[in-house]
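Structure assessment
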Amino acid sequence: MTAARPLNLHPDRLFPSDPTQRAIARRLYAEVAGLPIVSPHGHTDPAWWAVDAPFANATELLLVPDHYVFRMLYSQGIDLDALGIPRADGSRAQVDPREAWRLFARHYHLFRGTPSALWLDHVFHEVFGLRERLCADSADRYYDAITDALQTAPFRPRALFERFNIEVIATTESPLDPLAHHQAIRDSGWRGRVVTAYRPDPVIDPEHEQFAQSLERFGEITGENVYDWDGYLRAHRQRRAFFASMGATSTDHGHPTCATADLPPDQARALFTRVVTGKADAADAELFRAQMLTEMAAMSLDDGLVMQIHPGCFRNHNRALFERYGRDRGADIPLRTDYVHGLKPLLDRFGNEPRFRLVLFTLDESTYSRELAPLAGHWPCLYLGPAWWFHDSPEGMWRFREQTLGTAGFYNTVGFNDDTRAFLSIPARHDVARRIDCAVLAKLVAEHRLEEDEAAEVARDLAYRLPKEAYRL
Amino acid sequence: MTAARPLNLHPDRLFPSDPTQRAIARRLYAEVAGLPIVSPHGHTDPAWWAVDAPFANATELLLVPDHYVFRMLYSQGIDLDALGIPRADGSRAQVDPREAWRLFARHYHLFRGTPSALWLDHVFHEVFGLRERLCADSADRYYDAITDALQTAPFRPRALFERFNIEVIATTESPLDPLAHHQAIRDSGWRGRVVTAYRPDPVIDPEHEQFAQSLERFGEITGENVYDWDGYLRAHRQRRAFFASMGATSTDHGHPTCATADLPPDQARALFTRVVTGKADAADAELFRAQMLTEMAAMSLDDGLVMQIHPGCFRNHNRALFERYGRDRGADIPLRTDYVHGLKPLLDRFGNEPRFRLVLFTLDESTYSRELAPLAGHWPCLYLGPAWWFHDSPEGMWRFREQTLGTAGFYNTVGFNDDTRAFLSIPARHDVARRIDCAVLAKLVAEHRLEEDEAAEVARDLAYRLPKEAYRL
Amino acid sequence: MTAARPLNLHPDRLFPSDPTQRAIARRLYAEVAGLPIVSPHGHTDPAWWAVDAPFANATELLLVPDHYVFRMLYSQGIDLDALGIPRADGSRAQVDPREAWRLFARHYHLFRGTPSALWLDHVFHEVFGLRERLCADSADRYYDAITDALQTAPFRPRALFERFNIEVIATTESPLDPLAHHQAIRDSGWRGRVVTAYRPDPVIDPEHEQFAQSLERFGEITGENVYDWDGYLRAHRQRRAFFASMGATSTDHGHPTCATADLPPDQARALFTRVVTGKADAADAELFRAQMLTEMAAMSLDDGLVMQIHPGCFRNHNRALFERYGRDRGADIPLRTDYVHGLKPLLDRFGNEPRFRLVLFTLDESTYSRELAPLAGHWPCLYLGPAWWFHDSPEGMWRFREQTLGTAGFYNTVGFNDDTRAFLSIPARHDVARRIDCAVLAKLVAEHRLEEDEAAEVARDLAYRLPKEAYRL
């Protein structure tokens, strides 16, 4: 066990080392470093701000909810039980959270060069004031320092929200969610702005493991006959209206592909009947998801909710792990995605509508220059979401900009989404995104493709104006 | 409305900012900056040089014909009518071209970082001598300066051709084109070298919207019975010979895929019969295009025309826009392309023939390192065309070189094609290509992978020798 | 004919030219430059060290066995006969090896910027002490210097092995190979460590041109009834045990796709029967290869051999060339590969087994960030092999690191494989890999994403520790 070395958070981190570019990047970053955080898409838990209870300890806060972290540990042979990850049945192995933390600390070298290390070191340094690196030797000191801090007032969720300078954050809820936490936040008089987003996958995807129960509950909660096509669509309209009344400005759709369909009404109705009577095969399920994206777009024309599609993930690739631990356990793997054919039915129906707005994400970087930038550089409704999930590393963000800039420019993109469940990492993630955008712009300025005053305007737009405008926040 | 800021065109633009690399890039660029332009593939209008009439105004010259520009404006909600883009029926909205120009100017920030901005700023600065940036404030001054200049002798098409130091330019014509403009250029005694290229898509693609009429006209113009397989092939040979007599050294094929076929004669004949009797389904249409690529290759063996394939575009992705405005309106989207299986029938037939030469292009960058460089690095007939269309940005050109160099080297590539309809941008585009190639080479020299004398030779080859040799110009 | 210019091998080659990054790269490289070579995967000939005979001449040593080199020459119209490449029937054109060398030398400019030039120049400079560049003028001096040196003791295979500081090298043999050369090396008392690897493609792939004969021989050599499913599997187990006894620690599988299957025993048996009775169609052949990968994994659980899959190559793309010259003649072209669906059956069966280890390679770089890094960043059994074959250029190595780092980190990769038939290039290839890894790490340090002490540890791990551990060497 070696003594821990100093933890540094260099003010020039992520900027190019070329002195010309670095100097420009510094100046651009100075323009955006202090802007409020707009977080239009993510998976934080509204209960944090509704209840404002302290987080339990370092392990529960930073390790257990972060599948970026425990997937890497699992990939090197570390048992999820030993980290205290909950099982599908709700049980958990009897694990001392301090021991889980030590296990994590001993393997922290695995994260070298990864975005997780960037985010975690930022949290350690900036949020908790730690000044030694995490390693086996410092594990206990880390655990104690973090766990102790969490019991104090400045580390309660609302206090952190304010300290992080978050202007608005969107969570993501199922149509079945009563949004009680959002209501409680509103009722509390606290001024933090937390809005929801409409994520109807469980009542739209016939292959979702909880589709049948979700549909039943969807009927109960709306009072509609959701086994009838018209009633089912009315139920969506009703819940979307309720979500909008609770601040939602967007919907989100996490389908395995980005296929859309625009069936004649009688075919759509017949398809729906097969789906709700359990007669749908895999092709029907895919077609139903596809049709529902177009139905959602139709509703967006009416209620103005900005539509988001996050497609192309093979969920739960590890069958044994899924059976034991359930969803979202780091076993999701990207798939090739075809946006050109997939989106055409929806786009031919609504793509030229001035009020309609659709933000696209991808896990397939080969589509950046081939499909997404050309689509967004033509269709008025389309905007590109930022580098997503497996691609939110500094390198991934560079690729996103370098591969979309030529055809889509900066102004068909929507700035940054953190898309995270890890609340404390939000400032770190936005900081990384701002630094990389400034670095990209600095290179353009240094190579005389953009004047610095233009770059500064773009930097501010990407950090603040575009996400607010794109998401109508 | 803010006052316009200065427009700079920095002599080191597009060179790396690292001082070592920049110094090398400068020296390499000095070797190629003054070389004549060889433009072996593009879509300029030969009427310009046949008639030598002045261009009408800034909008007609720079905005209306440039789908790179108006697609970006359309993507941000600007109506094509407001820009004066012609409709499919030949009509145009009543638009004051000055108003269209102002609309463009107000949105010029959308192009920040895009190749269009690079090209346009080059044209503004170098061709028209403008020294303030285009913006809402300067829009009228721009419009007047450009429009006034166009009425003067130095801005007539032939004068610009000479000023641009164009040694030879190839246009692209359908087999149905009588090449009257090319004849007029020859007859005029003007010494500019303008050649044609044989682009038979309208008489080869059964799914082209004008296939039936084109085929009928193909028969009239050749005197062959083009509804008979042998007559149809003879008609091609006849027109190719005529095109060659008018200076053509190449053919070009813009198919949705790069599929080729090598059918036995009786099957080819039967397929042709289905095509010309309107009995071909989509698979037949695809197979016919595939077979015709191999037939074109067979003819190239005889007449020596260099073959080009520009595959992989979903044309007219926006149905409503296509119905209203027709083709080439910025709604074309790249597709995944499979060269390995697609080209095999043609290559197995002719790929080892010493006289045969086939230049490949792609809109699917994932094929650079996986398919195109390995194919070009083996087959004697194959050469790689430069980064094309959606990929002709500086970043796209870097990716092309970095992803093809290892396997194909520099000498299985053909230098630059501008592929443009925008005449005034030609020097800008060649300049960008030369600068990027010099930057790529400078990096290799600075990292001690190439000696500077070798790099200088490669730079000259890419800028001048290779395109001339590859296209037999 | 111009006089040859000096040949330099700059000590900073392949390092970034930015002074900050270069200085760090130098320091990191100093830590790894002298480490022994661990070469866990390649195609060198064990006869070299068994017999220790001198290599014949420059052409036989450096040109004839290297398909990287002669494919480039062939792509520019040079006949393989003129280079003395053996034909499929074993005959060779009557070619003076000196003339072949001159032909190569005259075209050496074709390799500018390619990895072949890097490796060859390293060999010329470091192994043979040449100080002028290869060109037409120096061709004969090169030929003589190299050929003369080869007749001397220090250039015999064992002496070079020792001079190259190779700690262990793995060759690759078919199950039919008696491993006589490996036995001879052991019996000789020479201390160089040369091990084999089990590469059963000829007895697993029903579409291999020698499958039938190979299967027959497989029966003879094992004494098993290999036309019976159980006997066939026993034969594999027997040969694997024999290979392991001769030092093998790994198996290798070069399939056209990475499809795996996990059939119920009766279906596997029925499939095998179709295969050995010649009733298998293409789909059966694919399914059989897929099933056999899972069978091989099952055996690895027992015998501990590390499994490698090298998929995704269209072999012998040039039919005429294949008929005349046979396999491995530079006409292999990469294919798109789908790891997500392809590997799932095998992974669902064995992917969570602690003892199982599977190293993945790809020729489809689009899978780095989309599939391979996410898979390796989750599944405990999976490791990523280095940038392979068409992608082992410096640019390809950079892409590998930049596209896998974010999700897989450094520690789910296995360091470098040279995968070569070109013995003399081994130090050059490992040197390139070490330099690029140091350059990648230097960039991370210069951009303050990693401390230099951490980078130094990673550099040593990648150069030495990880390949030894991953391959259990």
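So, here is what we can say about the structure in this document. This structure is a prediction, so every number in the text was calculated from the model and none was measured.

1. Observations concerning the packing of helix H6 (residues 115-127) of chain A against helix H20 (residues 426-446) of chain A
Residue and element names in this part refer to chain A. Packing of H6 against H20 leaves a shortest axis separation of 8 Å and a crossing angle of 120 degrees. Here H20 runs oblique to H6, going by the angle between their axes. Relative to H20, H6 is oriented so that their crossing is right-handed. Counted together, Leu118, Trp119 and His122 of H6 and Pro427, Ala428, Arg429, Asp431 and Val432 of H20 form the full contact between these two elements.

2. With respect to the pattern of salt bridges
All chains considered together, the criterion is met by 141 salt bridges over all chains. Between Lys443 of chain C and Glu447 of chain C there is a salt bridge, with the nearest N and O atoms lying 3.4 Å from each other. Residue Lys443 of chain C is classed as partly exposed on the basis of its relative accessible area of 26%. What makes Glu447 of chain C buried here is its relative accessible area of 9%. Several salt bridges share partner residues, and in doing so they unite Arg5, Arg112 and Arg133 of chain A together with Asp453, Glu454 and Glu457 of chain C into one network.

3. Thoughts on the relation of the copies chain A and chain B
Each copy of the sequence occupies a distinct position, and chain A is placed on chain B by a rotation of 120 degrees and an axial shift of 0.0 Å, giving an RMSD of 0.0 Å. Such a combination of rotation and displacement between the chain copies is what one expects of a three-fold axis. Little of the interface of chain A is mirrored in chain B, where only 7% of its interface residues again form contacts.

4. With respect to the side chain of Thr260 of chain A
Residue and element names in this part refer to chain A. Along the chain, Thr260 falls in the loop between strand E4 (250-253) and helix H13 (265-276). Residue classification places Thr260 among the buried positions, given a relative accessible area of 7%. Only 2.8 Å separates the side chain of Thr260 from the backbone oxygen of Gly342, close enough to count as a polar contact. Among the polar contacts listed, one links the side chain of Thr260 to the backbone nitrogen of Leu346, at a separation of 3.1 Å. Sequence-distant contacts of Thr260, that is, excluding residues within four places in its chain, are made with Ala290, Leu293, Thr294, Gly342, Leu343, Lys344, Pro345 and Leu346.

5. A word on the environment of Gly254 of chain B
Residue and element names in this part refer to chain B. Here Gly254 lies in the loop between strand E4 (250-253) and helix H14 (265-276). Its relative accessible area of 18% is what places Gly254 among the buried residues. Along the sequence, Gly254 and Thr147 sit 107 residues apart, while their C-alpha atoms lie 35 Å from each other. Non-local contacts of Gly254, meaning those with residues more than four positions away in its chain, are made with Arg199, Asp201 and His310.

6. Describing the packing of aromatic side chains
Overall, the coordinates contain 93 aromatic pairs over all chains when judged by the stated rule. Here Tyr368 of chain A and Phe400 of chain A contribute two aromatic rings whose centre-to-centre distance is 5.3 Å and whose plane-to-plane angle is 80 degrees, an arrangement assigned as edge-to-face. Taken as a pair, Tyr368 of chain A in helix H18 (residues 367-376) and Phe400 of chain A in helix H19 (residues 394-408) lie far apart in primary sequence, 32 residues in all. A single burial state applies to Tyr368 of chain A and to Phe400 of chain A, both of which are buried. Seen in terms of ring centroids, Phe242 of chain C and Phe243 of chain C are 6.4 Å apart; in terms of plane orientation they differ by 80 degrees. Their pairing is edge-to-face. Residue Phe242 of chain C is classed as partly exposed on the basis of its relative accessible area of 26%.

7. A look at the interface of chain A and chain B
Contacts between the two partners involve 45 residues from chain A, matched on the other side by 48 residues from chain B. Together, the buried faces of chain A and chain B total about 3,900 Å²; carbon and sulfur atoms form 51% of this surface. By the criterion of area lost to chain B, the three top residues of chain A are Arg370, His378 and Arg449 of chain A, representing 19% of everything that side buries. Viewed at the interface, chain B and chain A are joined by seven salt bridges. Two residues, Arg5 of chain B and Asp453 of chain A, come together in a salt bridge whose shortest N-O distance is 3.3 Å. If you look at where chain A meets chain B, you find 29 residue pairs in polar contact (both at pLDDT 80 or more). Residue composition of the side of chain A that touches chain B, grouped by class: 16 nonpolar, 15 polar and 14 charged.

Rules used throughout
Each chain has its residues counted from 1, running along the sequence as written. All chains are assigned letters beginning at A, and all ligands numbers beginning at 1, according to the order in which they are written. Reporting of local features is limited, given that this is a predicted model, to residues whose pLDDT is at least 70; pairs of side-chain atoms are given and counted only at 80 or more, and all residues count toward the totals for whole chains, interfaces and linings. Excluded from the side-chain calculation are hydrogens and water; included are all heavy atoms of the structure. All axes are obtained by fitting lines to C-alpha atoms, using only the stretch in contact for helices, and the reported angles, taken between N-to-C directions, cover 0 to 180 degrees. For the purposes of this entry, the term helix denotes a DSSP run of H or I that reaches at least four residues, the term strand denotes a run of E that reaches at least two, and both are numbered from the N terminus. When an angle is under 35 degrees it counts as roughly parallel; over 145 it counts as roughly antiparallel; between 65 and 115 it counts as roughly perpendicular; any other value is oblique. Each helix crossing is assigned a hand: it is left-handed if the near helix lies turned anticlockwise from the far helix by less than a right angle, otherwise right-handed if that turn is clockwise. The contact criterion used throughout is that any non-hydrogen atoms of two residues lie within 4.5 Å. Only one rule defines a salt bridge in this text: a Lys or Arg side-chain nitrogen within 4 Å of an Asp or Glu carboxyl oxygen. Per-residue accessibility, obtained with a 1.4 Å probe over protein chains only, is compared with the maximum for each type, and a residue is labelled buried under 20%, exposed over 50%, and partly exposed between these values. Alignment of the copies relies on least squares applied to C-alpha atoms, considering only residues that score at least 70 for pLDDT in both. In the analysis that follows, any N or O atom pair within 3.5 Å is treated as a polar contact, provided that within protein one partner can donate a hydrogen and the other can accept it, and provided that, for residues neighboring in sequence, both atoms belong to side chains. Any Phe, Tyr or Trp ring, taking Trp's six-membered ring, that has another such ring centre within 6.5 Å forms a pair; planes under 30 degrees apart are called stacked, those over 60 apart edge-to-face, and the others tilted. The term buried area denotes the loss of accessible surface (1.4 Å probe radius) that occurs when two parts are joined, taken as the sum for both partners. Lys, Arg, Asp and Glu make up the charged group, whereas Ala, Val, Leu, Ile, Met, Phe, Trp, Tyr, Cys and Pro make up the nonpolar group; the residues left over, Gly among them, are polar.

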